[in-house]
Amino acid sequence: MTVDFKKYIASVQDFPNKGIVFRDITPILSDGEIFRAATHELAEYAKKRGADVIVGPEARGFIVGCPVATELGVGFVPARKPHKLPREVERASYDLEYGSNSLEMHKDAIKPGQKVVICDDLMATAGTLHAAIELIERLGGEVVGAAFYVELPDLKGREKLPNVDIFSLVQYH
Ligand code: 5GP
């Protein structure tokens, strides 16, 4: 099925701050066929990259990444906001398109040498992706790719991470 995913992304002016156009992907999720098609595209990419495990940053990365992992029959590891995970963690900080934050992963979440694909709804500055990669590599994993519903190429995320293979369903300039 060829899908025009942009038809299922709402552009919201001035959210959460004035001057920002927020790309709302929830219409993809609420349509079963479209959600499945988006999941399938990301899963095909992750399969091609040889993913052993999917990592998703909190919170929309959970929604996007979990069904990709189940379609492939591989594990899913959450990268969470601080103080949510109960056991020993690694932490990395990053700048957002608006504000800053940190991500944490359990120290034993990735087995050394595992091939990881990171899934999230949207790549803007790639700060989130950068932090997730830092954590995965500290845990001994190998990031073989990153997959998004949406990419904002003007924010030059790819240029900041030239060695990372990046896939996105749609791009907004
Ligand atoms: P980055 O770290 O690449 O600058 O920002 C990406 C992160 O912020 C993602 O985790 C994403 O969920 C969130 N984000 C930033 N801007 C938007 C947006 O316009 N729409 C959505 N859905 N998420 C956004």
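In the block above lies the structure referred to throughout.
None of the values given here were measured: they were computed from a predicted structure.

Chemist: Is there a simple way to think about the nonpolar core in this case?
Modeler: Across soluble globular proteins, nonpolar side chains show a tendency to be buried alongside one another. Judged by nonpolar contacts, the single largest core of 28 residues is most densely connected at Phe5 and Tyr149. Contributing elements (two or more residues each) for this core: helix H2 (32-48), helix H3 (60-72), strand E7 (115-123), strand E8 (142-151) and strand E9 (166-171). Excluding residues that lie within four positions of it along the chain, Phe5 makes contacts with Ile28, Ile34, Ala37, Ala38, Glu41, Leu169 and Val170. Ile110, Ala131, Leu161 and Ile166 belong to the second largest nonpolar core, which has 26 residues in total.

Chemist: What exactly am I supposed to notice about the site of the ligand here?
Modeler: Surveying the vicinity of the ligand reveals 16 residues, the closest of which are Asp120, Asp121, Ala124, Thr125 and Thr128. Take Asp120: an N or O atom from its side chain is 2.7 Å from an oxygen atom of the ligand. Contact distances for the ligand include 2.8 Å between an oxygen atom and a backbone N or O atom of Ala126. Look at the ligand: alone it shows 500 Å² of surface, and the protein chains cover 95% of it. Where the shell around the ligand is concerned, the elements lending two or more residues are strand E2 (21-24), E7 and helix H4 (127-138). When residues in the shell around the ligand are grouped by element, the largest group, 4 residues, is from E7. Counted by class, the shell around the ligand contains 8 nonpolar, 3 polar and 5 charged residues.

Chemist: Sorry if this is basic, but what is going on with the sheet that holds strand E4 (residues 75-79) here?
Modeler: Remark on secondary structure: sheet strands pair via backbone hydrogen bonds, oriented parallel or antiparallel. With respect to topology, 5 strands assemble into an open sheet ordered E4-E3-E7-E8-E9, the strand pairing being parallel. Because the sheet does not close on itself, it has two edges, and the strands there are E4 and E9. On average, adjacent strands in this sheet sit at an angle of 20° to one another, irrespective of strand direction. Bridge count for strand E3 (residues 53-57) against E4 is 5 bridges, and the pairing is parallel. For Val53, the partnering residue across the bridge sits in E4 and is Gly75.

Chemist: Would you mind showing me how to read the environment of Val77 here?
Modeler: Within the fold, Val77 resides in strand E4. For the pair formed by Val77 and Glu41, sequence separation is 36 residues and the distance between their alpha carbons is 20 Å. If sequence neighbours within four positions are ignored, Val77 has contacts with Val53, Ile54, Val55, Gly56, Met105, Ala109 and Ile110.

Chemist: It is not clear to me how the pattern of salt bridges should be interpreted in this structure. Could you clarify?
Modeler: Pairing is possible between side chains that carry opposite charge, provided their charged atoms lie close to one another. A complete count under the given rule lists 12 salt bridges for this structure. A salt bridge links Glu58 to Arg80; the nearest nitrogen and oxygen atoms lie 3.0 Å apart. Here Glu58, found in the loop between E3 and H3, pairs with Arg80, found in the loop between E4 and strand E5 (89-95); they are 22 residues apart in sequence, far enough to count as distant. In this structure, the salt-bridge partner of Glu88 is Lys107, at a minimum N-O distance of 3.3 Å. Taken together, the residues Glu88 in the loop between E4 and E5 and Lys107 in the loop between strand E6 (100-106) and E7 connect sequence positions 19 residues apart. On the basis of relative accessible area, Lys107 is assigned to the partly exposed category, the value being 37%. Connected through salt bridges with shared partners, the residues Glu90, Glu134 and Arg138 form a single ionic network.

What counts and what doesn't
- Residues numbered from 1 in each chain as written.
- Predicted model: local features only at pLDDT ≥ 70, side-chain atom pairs only at ≥ 80, totals over all residues.
- Heavy atoms only, no water.
- Core = buried A, V, L, I, M, F, W, Y, C linked by side-chain atoms within 4.5 Å.
- Buried < 20%, exposed > 50% of the residue type's maximum accessible area, 1.4 Å probe, protein only.
- Helix = DSSP H or I, 4+ residues; strand = E, 2+ residues; numbered from the N terminus.
- Contact = heavy atoms within 4.5 Å.
- Near = heavy atom within 4 Å.
- Polar contact = N/O pair within 3.5 Å; in protein donor to acceptor, adjacent residues only side chain to side chain.
- Areas by Shrake-Rupley, 256 points an atom, 1.4 Å probe, with all protein chains shown as cover.
- Nonpolar A, V, L, I, M, F, W, Y, C, P; charged D, E, K, R; others polar.
- Pairing = 2+ DSSP bridges.
- Axes fitted to C-alpha atoms, helices over the stretch in contact; angles between N-to-C directions.
- Salt bridge = Lys/Arg side-chain N within 4 Å of Asp/Glu carboxyl O.

By themselves, these observations are geometric and do not establish any function.
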